[in-house]
Each structure stands twice: as structure tokens, then as C-alpha cells.
Amino acid sequence: MVTTTAHTDRGPAEQRIELEIGGMTCASCAARIEKKLNRMDGVSLATVNYATEKAKVAYGQGIAVGDLIATVEATGYTAALPAPPTPPPAPTGTGDEGHTDPTRPAADRELAPLRRRLIIATVLAVPVVALSMIPTLQFTDWQWVALALTSPVVVYAGLPFHRAAWTNARHGAATMDTLVSVGTVAAFGWSLWALFFGTAGMPGMTHPFTFTVARGDGGGDIYLEAAAGVTAFILAGRYFEARAKRRAGAALRALLELGAKDVAVLRRDARGAETEVRLPIGDLTVGDRFVVRPGEKIATDGVVRDGGSAVDASMLTGESVPVEVGPGSPVAGATVNAGGRIVVEALRVGADTQLARMARLVEDAQNGKAAAQRLADRISAVFVPAVIALALGTLAVWLMLGEGPTAAFTAAVAVLIIACPCALGLATPTALLVGTGRGAQLGILIKGPEVLESTRAVDTVVLDKTGTVTTGVMTLTEIHTAVAADADAKDVLRLAGALEHASEHPVARAITAAADERGVELPAVAVDFIAVPGLGVRGTVDGHAVLVGREQLLAAAGASLPPELVEAKAAAEKRGGTAVAVAWDGRARAVLVVADAVKPTSARAVRRLRELGLRPVLLTGDNAAVAAAVAEAVGIDPADVHAEALPEDKVAVVRRLQERGRTVAMVGDGVNDAAALARADLGLAMGTGTDAAIEAGDLTLVRGDLLVVADAIRLSRRTLATIRTNLFWAFAYNLAAIPLAAAGLLNPMIAGAAMAFSSVFVVGNSLRLRGFKPLAR
């Protein structure tokens, strides 16, 4: 249904629609579809993303969705409207079956046949390569066994390459698929001719272990190991790439799973009394009133109608201090009620909530990220036509020289065979395998090869504050006692900690935790405990009437702060801390300062980033005073601080930096960072953060230590350099043998040696990544 996906976005006469595209094998496929769609009359803008396999099209009146789909299909690919999203059902207590994932089946449908083809190709190709390259294994009629094993590899396992090559040929294009298909078909086809019409099928035929350079008629040469080996290697690279592509859907799944699964809705019974009814989140409607208890997630966006509490909204806004709410205060779905019981009226549900809008931000950012143009495809776009032209030229020259059709075709086919580099399939997977393995040892997880290209050009690192530069946990940092308090810090912590122990507020937990860490023994219980919404708590501890909270709470009880505590409170708030006043028996005794503490390694990490030539930028949803204090503590310039940024503001900041020509890396850990992580050229997610941030990022830092960011960028750059070196040598070894092939001097052992040496070099070069060393701590 068009109405579920198309919507007016730029004006009443223009709509936008999203299509799911199938059949793309490389970035050039996406570019081809994009070009065809943009040439249609009525289409104002079309963008196709190879990584997410989606097309976004803006079009005007007079054009139907069917026309867009027909254009994509005429280009050689498939297109369809995305299935409407289905809300996740309530958990059943049986593990994963409580959540239906609409994106998993499609991903599995793509991976399952690819995995099956890879297994078949590997199992059958290994004995073929061994028989062809090791003369001692070549028993009588071994060549026919090799043919039987190679045929399924070329025909079945290599079918995706042949199909893509045919599509490319119909549109006058050439990619790596064309190179693989032409090379493997040429090797397999010539082997069939040599076996059935030449001398290669004779009993006792062997490939002798000699490297003589001499002309032959080709009738005794078979290249089955080239056809089987290349297909298996390239399939392995394609399979690992397909697995990496699943992260786009995983980011959205992680965001949607953050929401509450069920909700306690207030309903009136037959007698008119209000009762709580537990319902699945999908049954909640606008106007419903629901109950949120301490520690529970707020089910959807709404407004508080009864009760008061503190709401931890850090995952959405980045604010380190929970927000006090009361009747009339707006609250967002998926945030956590950290204080008392509240009743909320639902204002937005489903796709209209802030969480759903953030999911759309993540998807839009991922679609807007330029697809990594694989270097192999860029080389193939020039290399393949050149090789085909050279093969045709070789055929023509030999025929003109009167050498005969057999010798001419032998030389021409040899050019095609030797031009198909076996090591090309190993170049990226082996470097990525070793690089990611070494990264995992250092607490760095690299998602896939497409994320590495940005690391080379990154010049700006945007750092989230809460949970990234800071601990993300409220901590007691200072204790200021009044001159005439007649009490020391231990007394203050003992009485305040005992009273706050009864509260679930994060500030209260910070005070209680500090008392525990400092070995202060708390009285067993506080009596007459009362939480005053938005102000603090009061109660009796060991016979003392204790107040802990805002200055107004103490003033109302006649316990005004003396000048030294007023000064300490103002200084703390200027630095971005939260000041909590403590009084007992009618006198103000102390001010406790609670703050989101800067991680001990953050300042050193910022220095390391500068040493790598990167410009650090601080981006936070917290207030300007807190942001400025943190920036000063870690050494970030005030001009590079952006405070009070909502999720969409974070995306906008990243976009503005990119528009100024900067290549941006984003480091974050919260849901509010997910869209910015996806939008950035390189996203680095703290492994200690939320699943949504981790899935949206390109690199995950397991330890949550900002010092690892510099190591992650260095390792990514080293891995990318290794891949590029591998690709160069994968072509270079084979290019060196092309003149021999064109001269008709190529025998099977030279062809096999070129492939073997290039593969050995690629693997050996990749293994050097195991020696990568992190910077000294």
C-alpha cells in the first residue's frame, strides 16, 4: 500500500517512497539503479544505498509506484514496497520467541543460500586444487575426478557471479562479478575442450612440476583448480560481507526493543472504581492513563497527571542528572522512572513517539551515509574491459600471424584465466579476519570492511559526554561542612546516607554509595521518612530530624545556609555539579556535591587524539555549565563544545561538520547517540552503552575506555592499508604473467604458481597485523 510508505514531504504535489531493492552485488549496482530512477520524468531525487538495500525516491504527480518498480526491474534488479512494521508482542518468558523480528527472515533468506554455496564450493574445491598442484597425488584419470568435483562449483556455487555478470553485460558495465565469471567460465570451458577434444583426457595425464616457458597447443592443459579455487575464495569474501550488512537492521531492532513491552492501564470497573489492567504496549491508545512505578520504563510519550518523581532520561537526552517531574510535566517513552509512583496520560503512541522518531533518524542517517565503494570493484571497472580487449587482441594477432585457431584460442583463453586473480578473494577477508581478531584482543570490535575506508580520512572526533567522557553515574565528589556545624564529613554522611537509603533517586544512591565506600556505618532505619517532590527528603535518624535536598527545603524549615555553604553551593553549580544541602535539628550542616565524574583516562585520551591529528569536539544533551566544566577538565576548546543537544541536534552537528568538508568520527554510548553514530563517517560505540548505540556504530570499544579510541583508529587504518596492499599484489602477480599468456608461453604450473604465490603473499601480509601494538597507557 502506497499510503503506508509514501508521504508528502516537500509539498502537496510531491511524495517520497522507500523501496526494498534485491539483486545488487556491488556499489556500482546501486549507482546504476540510482541513475535509471533519476532519469525518469517526474522523479526529483532518487538515492540507492547498497549497504541497506533500499531506495528512497521523491516523485511528483503523474507517476505511479508501479512505474518506479518497473524501472528497477528493467535495470535487472528487484524492487518491492517494504512490509508494514509489526509491533513486538509482549514477552512470554520463553526467551527469543517473545519477540518477532520482521527483518530477520529477509536477512536469513539472503545468507542461507550464500552459506550453502560457500560450503559446497569449499568442500569440492580443496581436493581439486590439491590434485592439480601436487603431482604426487595425480593418479590415473585424476583429471576426470577433478572435472566431476569442479562442475558443481562453477555451475551451482558460482551462479550468483554468472547471473550478475549477465546483468552487467546487458547494461554495458563490468564489475568484479564480470571478472570472476569470465575467468572461471574461460578456465572451465577450456578444460572441457582439452579433456574431450585435446590430449588432457588421456589416461596417465599429469601436470608435471616444471616451470619451463615454452609454447604449446593447449590441448593438454586444464585449469580446473583456477575455476574451483577462485569461485570458493570469492564466495567466502561475499559471505562475510553479507553478514556485515545485517547491522543496519540490527540498529533499528535494538532501538525498538528499548521500549516497554506491556503497561498498567487504569480502567474503571462496573462500580466506577479505577483498577489497573496489564495490557500489551500495542493496545495502548492516545488518552489512556497508565501507572509507572519506581524502576519501570515509561510506556510511551505523555504527560504526568498524578504523583511526582525523578525520570532518568539520559539515554534520550544525555542529561546526567534525572529530571524532576510532577503533574503537567511531559515524559518520553522508554525513559526510566527513578523515583516515586506516577500516573501518565498517553499523548503519542506507536510511530509518533520520540523513540520511533529516533529509529527513523538512525535509518535516515544510515541511508544518507555514502556506501563504501569497494576498491576491487573500482579496479575491475577498468581492469575487466582491458583484459577482455587484450584477450580479443591476442586472438586477432595470432590469427593474423597464421598460427592457427587452436594456438590462437589457447593464448586468448590463457589471458582470461591468468587475469582472474585467486588472491583477490582473500585480500579483504584475510586482512579483516586478522585485524578484527587482534582488535578483539584489545577490546576493539570492527563491524566489516566497509567501515575502514573512513578511518584514513577522519580528521574530527565528536565525543558524547555522559558515559563516554564521563562515567555516566552520579558520584559524590565533594563535602563542604559549615564552620559552626559541630559535625565532620563522617557525621554528615552517616545521617544523610541513612535517610537517602530509603530513596531510589540517583542522587540519593550516590550519597549512599559514598558512605559505603568510605566505611561509614549507617543506622539501621530512618523513621517518618517523607519524600518532598522536587525538593528532597526528610525523616528522623537516631533521634535527629534530618533534611536532605534543595536549599528551599531547608529554608522552609528555618534552616538557612550560612554564607560559606552558599558560596560552596554556587561554586559547585558553576562547575556543573548538583549541590545537596544537609540539615538536622534545625541547623544547616553541610553541602554535598554530586556530579557525573570525568573518567580518569579521558584527558589522556583527548591528548592522544590530538597527536593523531584529530580535532576533538564535545557534544552533549547536558546543560552548558556541565559541558564547559567537562571540556575544561579534558582539554577540549570551548569553541568545540555543543551543549543541550537533542538526538536530532546531534545529527545536525555531525552533518554541519561534514558540510564544512570534515570527515567525522562519532564516539557515543547512549540511545540518544545512535542516529549521530550512524550519520558520522565513522561511528565508535562504547561497549558499556546501550545495544542501540553498539549496533549503530561501526566500531565497538568493549572496555568503554576512551583511550581505546586512538588505538581503534590506528588499527583500522593499519587494516585498511593491509587490504589495499593485498589488492595490489593480488593483481600484480597475475598482471606479470599476462604477457606470457599473450605470447602463448603460459603452462599450467606457471598459472598455478602465480595464483599460489599471490595467495601466500596476501595471507602472510595479513598475518603481520597480529603484531599491532596499542599505545602505551
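Residues numbered from 1 in each chain as written. Predicted model: local features only at pLDDT ≥ 70, side-chain atom pairs only at ≥ 80, totals over all residues. Heavy atoms only, no water.

Draft legend 1. Region of interest: the sheet that holds strand β10 (residues 309–312). Strand order in the open sheet formed by three strands is β11-β10-β13, with antiparallel pairing between adjacent strands. Either end of the sheet is taken by a strand with one partner, and the two such strands are β11 (323–325) and β13 (336–337). Pairing of β10 with β13 involves two bridges; the strand directions are antiparallel. Residue pairing across strands places Val-311 opposite Asn-337, the latter belonging to β13. (Pairing = 2+ DSSP bridges. Helix = DSSP H or I, 4+ residues; strand = E, 2+ residues; numbered from the N terminus.)

Draft legend 2. Structural detail: the packing of aromatic side chains. For the structure shown, the criterion picks out four aromatic pairs. An angle of 25° between the planes, with centres 5.0 Å apart, marks the rings of Trp-190 and Trp-193 as stacked. One end of the pair is Trp-190 and the other is Trp-193, both in helix α6 (residues 176–196) and three residues apart, which spans about a single turn. Exposure remark for Trp-193: the relative accessible area of 30% places this residue in the partly exposed category. Both rings, one in Trp-729 and one in Phe-761, keep their centres 5.1 Å apart while their planes meet at 50°; by these two values the pair is tilted. Highlighted residues: Trp-729 in helix α24 (residues 707–742) and Phe-761 in helix α25 (residues 748–767), separated in sequence by 32 residues. Classification of Trp-729 by relative accessible area gives partly exposed; the value is 31%. An aromatic cluster of at least three residues, connected via ring pairs, comprises Phe-728, Trp-729 and Phe-761. Over the ring of Tyr-156 we find Arg-117; its NZ or CZ atom is 4.5 Å from the centre of that ring. (Phe/Tyr/Trp six-rings, centres within 6.5 Å; stacked < 30°, edge-to-face > 60°. Buried < 20%, exposed > 50% of the residue type's maximum accessible area, 1.4 Å probe, protein only. Lys NZ or Arg CZ within 6 Å of the ring centre and 35° of its normal.)

Draft legend 3. Geometry of the UniProt feature "transmembrane region" (unreviewed entry) in the protein chain. This chain's UniProt record puts "transmembrane region" (unreviewed entry) on residues 118–136, 142–159, 179–202, 222–240, 379–401, 407–434, 726–743 and 749–767. Across residues 118–136, helical content stands at 84% and strand content at 0%; the span's end C-alpha atoms are separated by 28 Å. For the annotated span residues 142–159, helix accounts for 94% and strand for 0% of the residues, and the straight-line distance between the end C-alpha atoms is 25 Å. (UniProt positions renumbered as here; feature names shortened; annotations may be inferred.)

Draft legend 4. Main features of helix α21 (residues 647–659). The end-to-end C-alpha separation of α21 is 19 Å, in line with the 18 Å expected for 13 residues at 1.5 Å each. The complete set of buried residues in α21 reads Pro-647, Lys-650, Val-651, Ala-652, Val-653, Val-654, Leu-657 and Gln-658. After α21 finishes, the residue Gly-661 shows a positive phi value of roughly 90°. (Expected span 1.5 Å × (residues − 1).)

Draft legend 5. Structural detail: the pairing of β10. Pairing of β10 with β11, which is carried by three bridges, proceeds in the antiparallel orientation. Within the sheet, the bridge partner assigned to Val-311 lies in β11 and is Val-323.

Draft legend 6. Up close: the nonpolar core. The biggest cluster of nonpolar side chains holds 53 residues, and the ones touching the most others in it are Ile-222, Leu-224, Leu-235 and Val-415. Listed in part, the 35 residues of the second largest apolar core include Leu-442, Ile-444, Val-630 and Leu-682. (Core = buried A, V, L, I, M, F, W, Y, C linked by side-chain atoms within 4.5 Å.)

Draft legend 7. Structural detail: the pattern of salt bridges. Scanning the model with the defined rule gives 18 salt bridges in all. The partner of Asp-262 in a salt bridge is Arg-278, with the nearest N and O atoms 3.5 Å apart. Pair noted here: Asp-262 is in strand β6 (residues 262–268) and Arg-278 is in strand β7 (residues 274–280), with a separation of 16 residues, a long-range link. Accessibility expressed as a relative area gives 33% for Asp-262, which makes it partly exposed. One salt bridge in this structure joins Arg-267 and Asp-288, with 3.2 Å as the shortest N-O distance. Of the two residues, Arg-267 is situated in strand β6 and Asp-288 in the loop between β7 and β8 (289–292); the sequence distance between them amounts to 21 residues. Taking the relative accessible area as the measure of exposure, Asp-288 reaches 9% and is therefore buried. (Salt bridge = Lys/Arg side-chain N within 4 Å of Asp/Glu carboxyl O.)

Draft legend 8. Structural detail: the packing of helix α4 (residues 142–157) against helix α5 (residues 159–170). As a packed pair, α4 and α5 sit with axes 5 Å apart at the nearest point and diverge in direction by 45°. One element, α4, and the other, α5, form an angle in the oblique class. Residues Val-154, Val-155, Tyr-156 and Ala-157 of α4 lie in contact with α5, whose contacting residues are Leu-159, Pro-160 and His-162. Across the contact of α4 with α5, the residue classes tally to six nonpolar, one polar and no charged. (Axes fitted to C-alpha atoms, helices over the stretch in contact; angles between N-to-C directions. Parallel < 35°, antiparallel > 145°, perpendicular 65-115°, else oblique. Contact = heavy atoms within 4.5 Å. Nonpolar A, V, L, I, M, F, W, Y, C, P; charged D, E, K, R; others polar.)

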